[in-house]
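One-letter residues, chain by chain:
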Amino acid sequence: MESQTDTTGSKPDFVAELEKYFGIPSQAAFGSSVFLIPVAEQSKELESDALEKYQYFVGESWDRLGAQNWINGWAAVYSREPNSSLGILAELKSLTDREARQSANLLLEITEDAELSSKALHLAFDSELTTELRIYKIGDCAAMSGILIAAKLQNIGNLILLLLLD
């Protein structure tokens, strides 16, 4: 495996690889984006950071369409059990919520090279550094729907990947 971090304080290689396929932090409110919240900036609760990045990604649409619509579309659909042998790819494919599973399938197919983007997902979310992982269904309760993956990575921070499409 490539190095996890370097001494210059830049992001881990696996985060850069994830960004290559799913996008850098943005307020696009459409498509996919990756956020890394360093340990020094993360909150105590993974869900709080996930909600914050969800709101940031949605941008001005959060207020324009109404925060309540976006919050009503938020639902936890998966939480990784300690010592689970499933990896992120199997976890995404096993979601029981129909909308979340459809969004997960889109996430796995959205890039031009599904094999390499799947490898990037595996490296980012299945490492021994992952101490907590949750998957949320997101959307505006109307046209937009998607999925958000949030992971707490030991000594690195919180990693958030989201996909939102209409």
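These numbers come from a predicted model, not from an experiment. (Residues numbered from 1 in each chain as written. Predicted model: local features only at pLDDT ≥ 70, side-chain atom pairs only at ≥ 80, totals over all residues. Heavy atoms only, no water.)

Trainee: Where do I start with the overall build of the chain in this structure?
Mentor: Scanning the chain for helices and strands turns up seven helices and five strands. For 166 residues, the compact-globule estimate of 2.2 N^0.38 gives 15 Å, and the chain sits close to it at 15 Å. Here the C-alpha coordinates of the chain stretch approximately 45 × 30 × 30 Å along the principal axes. A burial count over the chain gives 46% of its 166 residues as buried. Nonlocal contacts in the chain, meaning residues at least 24 apart in sequence, comprise 60% of its contacts between residues at least 6 apart. Total accessible area computed for the chain in this model is approximately 8,600 Å², and 48% of it derives from carbon and sulfur atoms. Charge centroids of the chain, computed over 13 positive and 25 negative side chains, lie 3 Å from each other. (Helix = DSSP H or I, 4+ residues; strand = E, 2+ residues; numbered from the N terminus. Rg over C-alpha atoms; globule rule 2.2 N^0.38 Å. Buried < 20%, exposed > 50% of the residue type's maximum accessible area, 1.4 Å probe, protein only. Contact = heavy atoms within 4.5 Å. Areas by Shrake-Rupley, 256 points an atom, 1.4 Å probe, with all protein chains shown as cover. Lys, Arg positive; Asp, Glu negative; His and termini not counted. Charge placed at Lys NZ, Arg CZ, Asp CG, Glu CD.)

Trainee: Please explain the side chain of Glu91 as it appears in this structure.
Mentor: Mapped onto the fold, Glu91 is located in helix 5 (residues 88-93). The buried category is assigned to Glu91, whose relative accessible area is 0%. A polar side-chain atom of Glu91 sits 2.9 Å from a polar atom in the side chain of Tyr78. For Glu91, the residues in contact, after removing those within four places along its chain, are Tyr78, Arg80, Ser84, Leu86 and Leu133. (Polar contact = N/O pair within 3.5 Å; in protein donor to acceptor, adjacent residues only side chain to side chain.)

Trainee: Teacher, can you tell me more about the layout of surface pockets here?
Mentor: The probe, sized like a water molecule, is rolled over the atoms to show the empty space still left. Estimates place the volume of the largest pocket at around 240 Å³. Around the largest pocket sit 15 residues that line it, and Arg80, Glu81, Pro82, Asn83 and Thr130 are the ones nearest its centre. Counting residues per element, the lining of the largest pocket draws most heavily on strand 3 (residues 130-139), which supplies five residues. Class assignment of the residues belonging to the lining of the largest pocket gives a composition of three nonpolar, seven polar and five charged. (1 Å grid on protein atoms, 1.4 Å probe; cavity = no way out; pocket = protein on both sides within 12 Å on 5 of 7 lines; lining within 4 Å. Points joined across faces, edges and corners; volume = space filled by probe spheres on them. Nonpolar A, V, L, I, M, F, W, Y, C, P; charged D, E, K, R; others polar.)

Trainee: What is the right way to look at the confidence of the model for the chain in this model?
Mentor: Predicted coordinates in regions of low pLDDT should not be interpreted in detail. Of all residues in the chain, 95% have pLDDT values of 70 or greater, and the mean over the chain is 91. The model gives residues 1-8 a pLDDT under 50, and that stretch makes nine contacts with residues more than four places away or in other chains. (pLDDT = per-residue confidence, 0-100.)

Trainee: Explanation requested: unusual backbone geometry in the structure shown.
Mentor: Leaving glycine aside, a negative phi is the common case for residues, and trans is the common case for peptide bonds. Notably, Asn83 is not glycine yet its phi reads approximately 65°, a positive angle. A residue is classified by how much of its surface remains accessible, and Asn83, at 83% relative accessible area, is exposed. With a phi close to 65°, Asn155 is a non-glycine residue in the positive phi region. Checked against the element boundaries, Asn155 lands in the loop between strand 4 (145-153) and strand 5 (157-165). Under the relative-accessibility criterion, Asn155 is labelled exposed at 70%.

Trainee: What's the story with the packing of aromatic side chains in this structure? I'm lost.
Mentor: Under the criterion given, the structure shown has six aromatic pairs. Taking 5.9 Å as the distance between ring centres and 90° as the angle between the ring planes, the aromatic pair formed by Phe35 and Tyr56 counts as edge-to-face. Separated by 21 residues along the polypeptide, Phe35 in strand 1 (residues 31-38) and Tyr56 in helix 2 (residues 46-58) bring together distant segments of the chain. Residue classification places Tyr56 among the partly exposed residues on the basis of a relative accessible area of 38%. Relative to Tyr136, the ring of Trp74 has its centre 4.2 Å away and its plane inclined at 20°; by these criteria the two rings are stacked. Taken together, the residues span a long stretch of sequence, with Trp74 in the loop between helix 4 (67-72) and strand 2 (75-79) and Tyr136 in strand 3 at a distance of 62 residues. Note on accessibility: Trp74 and Tyr136 belong to one class, buried. An aromatic cluster of three or more residues is present, and its members are Tyr54, Trp62, Trp70, Trp74 and Tyr136. (Phe/Tyr/Trp six-rings, centres within 6.5 Å; stacked < 30°, edge-to-face > 60°.)

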